[in-house]
Amino acid sequence: MGSGGLELPPGDDGGRQGNSTDVPPGAVSLARPMNAGAIGPELDWDAEAWHEVRTRAQRAGRAYIWLNLVEQRLRAVVAAVLRPVYEPVHGDDWVVAAAGPAGQEWVQRAVAVREVSRRKGYLLDPADDNVLSFLTLPQLRELMVQHWPCFEPYLDERRDVELALDELEVTRNVVSRNRALSEAVLSQAERASARLLEVLGAGSDVPSTRRLPVDAVEDLVGDRYADVVAVHSDRVRLLRQFPAEDLFGSARRVDALGIGLNLLVQNFSGRRLLRLAESGGRVRLLFLNPASSAIKRRERELGIKRGELSRAVEMNILHMRRVRARLRDPGAFEIQVFDETPRFTAYLVDGDGADGIAVVQSYLRRTRGMEAPVLVLRNGRNGGKVVKSDQVDEGGLFPTYREEFELMWADSRPVS
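Fair warning: this is a prediction, and the values are worked out from it, not measured in the lab.

Quick notes on the rules
Residues numbered from 1 in each chain as written. Predicted model: local features only at pLDDT ≥ 70, side-chain atom pairs only at ≥ 80, totals over all residues. Heavy atoms only, no water. Patch = residues over 30% accessible without salt bridge, like charges linked within 9 Å, V, L, I, M, F, W, Y side chains within 5 Å. Areas by Shrake-Rupley, 256 points an atom, 1.4 Å probe, with all protein chains shown as cover. Salt bridge = Lys/Arg side-chain N within 4 Å of Asp/Glu carboxyl O. Lys, Arg positive; Asp, Glu negative; His and termini not counted. Charge placed at Lys NZ, Arg CZ, Asp CG, Glu CD. Helix = DSSP H or I, 4+ residues; strand = E, 2+ residues; numbered from the N terminus. Axes fitted to C-alpha atoms, helices over the stretch in contact; angles between N-to-C directions. Parallel < 35°, antiparallel > 145°, perpendicular 65-115°, else oblique. Left-handed = near helix turned anticlockwise from the far one by under 90°. Contact = heavy atoms within 4.5 Å. Nonpolar A, V, L, I, M, F, W, Y, C, P; charged D, E, K, R; others polar. Buried < 20%, exposed > 50% of the residue type's maximum accessible area, 1.4 Å probe, protein only. Pairing = 2+ DSSP bridges. Polar contact = N/O pair within 3.5 Å; in protein donor to acceptor, adjacent residues only side chain to side chain. Expected span 1.5 Å × (residues − 1).

## Describing a positive patch on the surface
Working step 1: Taken together, the side chains of Lys296, Arg297, Arg300 and Arg306 present a region of like positive charge at the surface.
Working step 2: Its location among the elements puts Arg300 in helix H15 (residues 293-302).

## Digging into the packing of helix H2 (residues 47-90) against helix H7 (residues 158-176)
Working step 1: At a minimum axis distance of 10 Å, the contact between H2 and H7 shows a crossing angle of 130°. As the angle between them shows, H2 and H7 are arranged oblique. Crossing handedness for the pair H2 and H7: left-handed. Residues Ala60, Ala63, Leu67, Val70 and Leu74 of H2 lie in contact with H7, whose contacting residues are Leu165, Leu168, Thr171, Arg172 and Val175.
Working step 2: Within the contact of H2 with H7, the residues separate by chemical class into eight nonpolar, one polar and one charged.

## Notes on helix H14 (residues 270-278)
Working step 1: The complete set of buried residues in H14 reads Gly270, Arg272, Leu273, Leu274, Leu276 and Ala277.
Working step 2: Buried residues belonging to H14 abut helix H12 (244-248), strand E2 (253-258), helix H13 (262-265), strand E3 (282-288), helix H16 (308-325) and strand E4 (333-338).
Working step 3: Gly280 sits one or two residues past H14 and shows a positive phi near 105°.

## Brief notes about the pairing of strand E6 (residues 357-362)
Working step 1: Burial within E6 is extensive, with five of its six residues counted as buried.
Working step 2: Summarising the sheet, strand E5 (residues 344-349) and E6 pair through six bridges and their orientation is antiparallel. Across the sheet, the residue bridging to Val349 is Ile357, located in E6.

## Quick word on the side chain of Asp355
Working step 1: In this structure, Asp355 sits in the loop between E5 and E6.
Working step 2: Note on Asp355: relative accessible area 8%, which makes it buried.
Working step 3: A distance of 3.3 Å separates polar atoms of two side chains, one belonging to Asp355 and the other to Arg252.

## Considering helix H8 (residues 183-199)
Working step 1: Over its 17 residues, H8 extends 24 Å from the first C-alpha to the last, a length consistent with the 24 Å expected when each residue adds 1.5 Å.
Working step 2: Considering only its buried residues, H8 is in contact with H2 and H7.
Working step 3: Positioned one or two residues after H8, Gly201 has a phi angle of 80°, which is positive.

## Here we look at the pattern of salt bridges
Working step 1: This structure, assessed with the given rule, holds 26 salt bridges.
Working step 2: Arg237 is the salt-bridge partner of Asp234, the closest N and O atoms lying 2.5 Å from each other.
Working step 3: Of the residues examined, Arg237 reaches a relative accessible area of 42% and is grouped as partly exposed.
Working step 4: A salt bridge links Glu340 to Arg343, with the nearest nitrogen and oxygen atoms 3.9 Å apart.
Working step 5: Exposure remark for Glu340: the relative accessible area of 34% places this residue in the partly exposed category.
Working step 6: For Arg343, a relative accessible area of 53% gives the class exposed.

Written out as structure tokens, the structure reads:
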């Protein structure tokens, strides 16, 4: 007899016959446990399931970093603006006072969470032992909206701030509930976060970030990869994420080394190159000599017809010569050729300063340049942070390729 007054059926003694179906009236039938071997296949994750969960984790991780950066920055801005107003009168309770009657419910909840964290030893950093550290992004936004006249002298457009926070709220809701985050929503969140950080005065003043914006993940863990900020499996994917106009459009100096320099010659117009040189920029292009034995070996490696690659390089050089001929100062646009075995192609944009960007590809046997993996380097990285122009870069790949370019330039000869 069970505790609820219902009679349980007798257990299976394994020896008597007829017990499997003879259940007394009023008894509750108990399901027998399933064979453990039958559960395994239902619980297994196949490769597709693991790929899906990995993708979800990667997207959520990126979104969390952006949301964390925005929340930390917004917290700092709120403290800088409202603390001087309320702290002289209310002391440590200045956040409670700033919340006012309209925010009493959520601010008291933050106070309670802070006390619990204190009691259980969750506050590991004394800097977080304040109510402000326990406010969420919507609550920080509420403080800003309530006291907008205090923030107005520092922030230009209230609408821009609120629109960006509205976009982030969608992502915050998805991430906090561990739901699937689409690529479109993640991209929207990253754009909104970058825009909001810029509005809140946290944008970088390094010129290269205007060409290739510093990604949140790069900014936090970039020291793991020296000065490599992006890797693409081929040039098509590079141009999809980083168009030639973004790379060369605002350059003051372009140094390029390779066989035919198709990334520049075929993807950036001669008119734009002419304008770059006329506006005070400098261009140095170093092609593989189309008449050299090295280009014939490259043709054999690629399995293409004899003379096909050399003619393509000749056409690129002729195109660049026509651009140079239209300049008042041909010295601002130099073209040279080299005869050595080509080892890599490199495009160094503003490589003479701490704000340079480089696109580098190694030459692989039987693989055309369009299909070779691409590295994107940012000059001036040190310890995962983008250094300012008055700081020294202590290492990385960028200086190596820049030095190699200068050595090959010195050993090459000019094209008339």
